[in-house]
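As a plain string of letters, each chain reads:
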Number of protein chains: 2
Amino acid sequence: MKDAIRVGLIGFGTVGSGLAKTLLDQQDVLSRKVGLPITLSRVADIRITELPPEYRATTLTNDANDIFTDPAIDIVVELIGGIEPARTFMLKAIEAGKHVITANKALLSIHGKEIFEAAAARGVEVGFEASVGGGIPVIKALKEGLVANRIQSIRGIMNGTANYILSAMTEHGTPFAEVLAEAQRHGYAEADPTYDIEGIDTAHKLAILMSIAYGKHVQLDHISVEGISTIKPIDIDHAREFGYRIKLLAISRNHGDHVEARVHPTMVPQDHMLANINSTFNAIQFTGDIVGDVLLYGHGAGMMPTGSAVAADVVDIGRNIIAGSINRVPALSYLPQHFGQPTITPMGELTCPFYFRVTVLDQPGTLSAISGILGKHNISIKSVIQKGQRPGEPVHVVLQLHEAREADVTSAVAEIDALPACTEPTVKIRVLIEEN
Amino acid sequence: MKDAIRVGLIGFGTVGSGLAKTLLDQQDVLSRKVGLPITLSRVADIRITELPPEYRATTLTNDANDIFTDPAIDIVVELIGGIEPARTFMLKAIEAGKHVITANKALLSIHGKEIFEAAAARGVEVGFEASVGGGIPVIKALKEGLVANRIQSIRGIMNGTANYILSAMTEHGTPFAEVLAEAQRHGYAEADPTYDIEGIDTAHKLAILMSIAYGKHVQLDHISVEGISTIKPIDIDHAREFGYRIKLLAISRNHGDHVEARVHPTMVPQDHMLANINSTFNAIQFTGDIVGDVLLYGHGAGMMPTGSAVAADVVDIGRNIIAGSINRVPALSYLPQHFGQPTITPMGELTCPFYFRVTVLDQPGTLSAISGILGKHNISIKSVIQKGQRPGEPVHVVLQLHEAREADVTSAVAEIDALPACTEPTVKIRVLIEEN
């Protein structure tokens, strides 16, 4: 009979110290629910020489191998982020027969197949609740709470930095670059914010959710990704006028024999719940064929919310160790033998309404040229407004378009941008309709 | 090695037939996740003589005992509702060594302790995901997803009928009775809507959530309950003017040595997520000490959403049967030996801001009398508006009050209602502040 569940932690940065603090501060709550103490046995970190004094029972090492070779350790938690050496550490821990937990969405969306297959072969568990939605128990809800559903769609705000920037731009009308700089000062954005603002981090998370939702190995390069750096306050103002908020959404719709996979700024109807998720909060909405819409909301990042999610994985695996029920729930929801490869809907075949902001010199015939191009590509106009008219300066032609095919839109934008009067690339934003 | 998980169902009404349909329609999804088929072996219902033809593999009986005595049945699902014979059936099933699942919040909030203790003694599981929040996986999220948290508060819209009525009153300005009648015509409200509109059903659900959240046996009579039948469109209009929406909320705050437990109409700031949950939807917000706020949203009732939740319990218990890990997660989150009795904060000691609508004859000195009474009870006024002034008809004196003690408010209302000029009982509505 075991006397404790022992955890080895790789990485004592923000998230790692959040887990350590959680296991220490909540040990009473945890043991009254689990029945055994959960202890942090070892921490591996190459940047620190000692742990804070409250971690008396924990040994610090600078070599992650000390964790893999410690026979007392049951669960290895990787919280260093990035691809390498995180990937190698995960595989080594699995090889050593340890259960593994990670919050590393980049790693899972790129090397998930390798890691999950290695874990299945070795008979160990992989916990990754914290990889999507921070403290929100989104993975458990999808895998277990909605287990009886075929998932028909996923829509979500999955990156707090991007949502903070769009929210601040919406609230204060501040330009993107200014809000980004402020977010960096406040620690809401990284020094290199590319992953967050260009939608890559959101795509990582969508890949993970799609894999679970559909039982298909979805990888990062399956997903069409656009970021928010081209969005201007003027677009947000127009969105508001038309009854929308602009959000960076991950969207996947399941068409049975093919599935959509895309991340892009989206005009969300202002009374939709996703339109009202502000600041750094995340929200993920699943549509199940029997449950209908379910939405989960909370802190998508941060030291303690992420600690909460990682600790939930520790408990989940710890309970399986105690009960002898390892891999009671398949890591990716569907059993490995039922896993397949996805067919991704080609982006060009999607249809949705669009918003265009075309920037042109105010010359006679320009509007006629634009509408001619749109007509030629079977795109019909719902409304057109011309904004700004200072002599010699370009004007914005703002168009609301009816539902159009992506491929047509791409061709039309290329032709519009080639017009002699056009001074800047056209900004196009997709509009969310309930059916997409 | 088992070849299937076999379910016996008591009650083939709306929810029961939703479960049957779920197990039939989703059998492919379920077996690709669970690894074994889940079959509906027997249905007991006293009102029907045959099952629809698609349930070829299921035997119908009019005697629930046929289910308890069938050695092949692993899990008994009680979906008849009400207290008796539901309680007796649950206890008989447990005694027969069957795992049990119920959606019956009334039963659990009144006889939960007896049922959970009987199940623990017999070593069987009790699933009750569908008892709160319909298809929203709120019990699993709380018990497992937020396992590492001390729950600091629970706030939620947990009754779709009451929320539908308040939403319709808000949207169309229709009086309560009219909306209720319409809801009854549409099947959104029962013929006897007392439980829904008087907050009793919401209290049942709050009792269940509090028990899990705090590890205390909370029962229905611990909870202070007020319904929505006194709310008029005029109150909703005032709420809107002041920046609020009126919602029937369940609220519990955890003060460590005592916990609040109350259900009442509440003015919710209009930008709060709970203010924007409309129609029959439910939403439940937990605040955890490490995760912060987490909110879950979805269909709180209905044949298929409830079927989704019951099926999730069937899978959860089925997996424990397959893995040999019965009671891997304690039924009420905390282990039975750590369960205690709650100390409920006396309602009179609570403080919050209030809205009053006092109905009086328009006589000189009345406002002075009202403000005198409030002052005497240490209640300070934030704003006062007098509305309506048709000769000979009573007027509404609408007051926004600063934070005040419940006991003082109760005394003040009694004195105001005793004023000769007062023609109707004063309507008082509590105002949600982030700290309550």
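Residues numbered from 1 in each chain as written. Chains lettered and ligands numbered in written order. Predicted model: local features only at pLDDT ≥ 70, side-chain atom pairs only at ≥ 80, totals over all residues. Heavy atoms only, no water.

As recorded by an unreviewed UniProt entry, chain A carries the name Homoserine dehydrogenase and is attributed to Desulfofustis limnaeus. Its UniProt record, at the heading Catalytic activity (unreviewed entry), says of chain A: "L-homoserine + NADP(+) = L-aspartate 4-semialdehyde + NADPH + H(+)". Annotation of chain A in UniProt includes, under Sequence similarities (unreviewed entry), the sentence "Belongs to the homoserine dehydrogenase family." (UniProt positions renumbered as here; feature names shortened; annotations may be inferred.)

K.L.:
Report on a nonpolar patch on the surface, specifying residues and quantitative values.
P.N.:
All names here are of chain A. Taken together, the side chains of L367, I381 and V384 make up a nonpolar region of the molecular surface, amounting to roughly 210 Å² of accessible area. One can find I381 in strand β14 (residues 381–387). Assessed through its relative accessible area of 34%, I381 is described here as partly exposed. (Patch = residues over 30% accessible without salt bridge, like charges linked within 9 Å, V, L, I, M, F, W, Y side chains within 5 Å. Areas by Shrake-Rupley, 256 points an atom, 1.4 Å probe, with all protein chains shown as cover. Salt bridge = Lys/Arg side-chain N within 4 Å of Asp/Glu carboxyl O. Helix = DSSP H or I, 4+ residues; strand = E, 2+ residues; numbered from the N terminus. Buried < 20%, exposed > 50% of the residue type's maximum accessible area, 1.4 Å probe, protein only.)

K.L.:
Summarise the pattern of salt bridges; cite the residues concerned and give the values.
P.N.:
The tally for this structure, following the rule as stated, stands at 50 salt bridges over all chains. A salt bridge links D316 of chain B to K140 of chain B; the nearest nitrogen and oxygen atoms lie 3.1 Å apart. Remark: K140 of chain B occurs in helix α6 (residues 138–145) and D316 of chain B occurs in helix α12 (residues 303–323); sequence separation between them is 176 residues. Take K140 of chain B: its relative accessible area is 8%, and that puts it in the buried class. One connected set of salt bridges, linked through shared partners, spans K140, E144, D316 and R328 of chain A together with K140, E144, D316 and R328 of chain B.

K.L.:
Explain the relation of the copies chain B and chain A to me, using residue names and the numbers behind them.
P.N.:
For the pair chain B and chain A, the relating rotation is 180°, the translation along its axis is 0.0 Å, and the fit reaches an RMSD of 0.0 Å. Given the turn and translation reported, the copies of this chain are related as if by a two-fold rotation axis. Judged by C-alpha distance, L296 of chain B is the residue of chain B that lies nearest the rotation axis, at 2.3 Å. Here 100% of the interface residues in chain B have copies in chain A that are interface residues too; the copies meet face to matching face. (Least-squares fit on C-alpha atoms with pLDDT ≥ 70 in both. Contact = heavy atoms within 4.5 Å.)

K.L.:
Give me the nonpolar core: which residues, what numbers.
P.N.:
I154 and L209 of chain A together with I154 and L209 of chain B are the most contacted members of the largest nonpolar core, which totals 166 residues. Apart from the residues within four sequence positions on either side, L209 of chain A is in contact with V132, V138, I139, L142, I154, M158, I284 and F286 of chain A. (Core = buried A, V, L, I, M, F, W, Y, C linked by side-chain atoms within 4.5 Å.)

K.L.:
Just give me the short version of the environment of A239 of chain B, but keep the residues and values in it.
P.N.:
Residues and elements named next belong to chain B. Relative to the assigned elements, A239 resides in helix α11 (residues 233–242). Residue class for A239 comes out buried when judged on its relative accessible area of 1%. In sequence terms A239 and E198 are 41 residues apart; their C-alpha atoms lie 20 Å from each other. Contact partners of A239, with chain neighbours within four places excluded, come to Y244, I246 and M267.

K.L.:
Describe the environment of A96 of chain B, with residues and values.
P.N.:
Residues and elements named next belong to chain B. Locating A96 in the fold gives a position in the loop between α4 (86–95) and β5 (99–102). Its relative accessible area of 33% is what places A96 among the partly exposed residues. Expressed as a C-alpha distance, the spacing of A96 and I165, which sit 69 residues apart in the sequence, is 43 Å. With near-sequence residues (within four places) excluded, A96 lies in contact with F68 and R122.

K.L.:
Could you give an account of the sheet that holds strand β3 (residues 59–61) of chain A, naming the residues involved and the relevant values?
P.N.:
All names here are of chain A. The strand order across the open sheet built from six strands is β3-β2-β1-β4-β5-β6, with neighbouring strands paired in parallel fashion. Both edges of this open sheet fall to β3 and β6 (126–127), since each of them pairs with a single strand only. The pairing of strand β1 (residues 5–10) with strand β4 (residues 75–78) spans four bridges and is classified as parallel. Each bridged residue has a counterpart across the sheet, and for I10 the counterpart in β4 is E78. Contacts from helix α4 (residues 86–95) reach β1, β4 and β5 (99–102) within the one sheet, and its direction differs from that of β5 by about 155°. Running at roughly 165° to β5, helix α12 (residues 303–323) makes contact with β1, β2 (38–44), β4, β5 and β6 of the sheet. (Pairing = 2+ DSSP bridges. Axes fitted to C-alpha atoms, helices over the stretch in contact; angles between N-to-C directions.)

K.L.:
Requested: an account of the domain arrangement of chain A, with residues and values cited.
P.N.:
Residues and elements named next belong to chain A. Taken domain by domain, chain A comprises domain 1 (5–135 + 303–338), domain 2 (138–299) and domain 3 (347–431). Taking the mean C-alpha position of each, domain 1 and domain 2 sit 26 Å from one another. Across the boundary between the two partners, domain 1 contributes 24 residues, which contact 24 residues of domain 2. Between domain 1 and domain 2, the buried area comes to about 2,000 Å², and carbon and sulfur atoms account for 63% of it. Taken together, the links from domain 1 to domain 2 amount to two salt bridges. At the junction of domain 1 with domain 2, the criterion picks out eight residue pairs in polar contact (both at pLDDT 80 or more). Looking at the side of domain 1 that touches domain 2, the elements that each hand over two or more residues are α5 (105–122) and α12. (Domains from an automatic or database assignment. Buried area = accessible area lost by both parts, 1.4 Å probe. Polar contact = N/O pair within 3.5 Å; in protein donor to acceptor, adjacent residues only side chain to side chain.)

K.L.:
Help me get a handle on the packing of helix α1 (residues 14–25) of chain B against α12 of chain B, residues and values and all.
P.N.:
Residue and element names in this part refer to chain B. Where α1 contacts α12, the two axes come as close as 8 Å, and the packing angle between them is 65°. For the pair α1 and α12, the sense of crossing is right-handed. Between α1 and α12, the contacting residues are T14, V15, S17, G18, L19, K21, T22 and L23 on the first element and M303, M304, T306, G307, S308, V310 and A311 on the second. In the contact of α1 with α12, the residues fall into seven nonpolar, seven polar and one charged. (Left-handed = near helix turned anticlockwise from the far one by under 90°. Nonpolar A, V, L, I, M, F, W, Y, C, P; charged D, E, K, R; others polar.)

K.L.:
Which residues make up the packing of helix α7 (residues 160–172) of chain A against helix α11 (residues 233–242) of chain A, and what values go with them?
P.N.:
Residue and element names in this part refer to chain A. For the pair α7 and α11, interaxial distance at closest approach is 9 Å and the crossing angle is 70°. Overall, the two elements α7 and α11 adopt an arrangement that is roughly perpendicular. From α7, L166, M169 and T170 reach across to α11, where they touch P233, I236 and R240. Partitioning the contact of α7 with α11 into residue classes produces four nonpolar, one polar and one charged. (Parallel < 35°, antiparallel > 145°, perpendicular 65-115°, else oblique.)

K.L.:
Tell me about α1 of chain B, and name the residues and values.
P.N.:
Residues and elements named next belong to chain B. End to end, α1 covers 16 Å across 12 residues, agreeing with the expected 16 Å (1.5 Å per residue, within 8%). Within α1, burial applies to G16, S17, G18, L19, A20, T22 and L23. Its buried side turned inward, α1 meets β1 (5–10), α2 (27–34), β2 (38–44), β4 (75–78) and α12. (Expected span 1.5 Å × (residues − 1).)

K.L.:
Outline the interface of chain B and chain A, supporting the account with residue identities and numerical values.
P.N.:
Listed by partner, the interface residues are 54 residues for chain B and 54 residues for chain A. Here chain B and chain A share an interface that buries about 4,900 Å² over both sides, 59% of which is from carbon and sulfur atoms. For the chain B face of the interface with chain A, the top three residues by lost area are R32, K33 and R328 of chain B, together amounting to 16%. If you look at where chain B meets chain A, you find four salt bridges. Measuring nitrogen to oxygen at the nearest pair gives 3.1 Å for the salt bridge that ties R328 of chain A to D316 of chain B. If you look at where chain B meets chain A, you find 22 residue pairs in polar contact (both at pLDDT 80 or more). Counting residues per element, the ones that place at least two in the side of chain B that touches chain A are α1, α2, α6, β12 (292–299) and α12 of chain B. In terms of residue count, α12 of chain B provides more of the side of chain B that touches chain A than any other element does, 10 residues in total. Among the residues making up the side of chain B that touches chain A, the classes are represented as 26 nonpolar, 16 polar and 12 charged.

K.L.:
An account of the packing of aromatic side chains is needed here, citing residue identities and associated values.
P.N.:
Under the counting rule described, the total for this entry stands at 14 aromatic pairs over all chains. On the basis of an interplanar angle of 10° and a centroid distance of 4.8 Å, the ring pair of F281 of chain A and Y297 of chain A is categorised as stacked. Placement of F281 of chain A in strand β11 (residues 281–288) and of Y297 of chain A in strand β12 (residues 292–299) is noted, with a sequence separation of 16 residues between them. By relative accessible area, which is 12% here, Y297 of chain A ends up buried. Seen from the ring of Y334 of chain B, K33 of chain A lies directly overhead, with NZ or CZ sitting 4.9 Å from the centre. (Phe/Tyr/Trp six-rings, centres within 6.5 Å; stacked < 30°, edge-to-face > 60°. Lys NZ or Arg CZ within 6 Å of the ring centre and 35° of its normal.)

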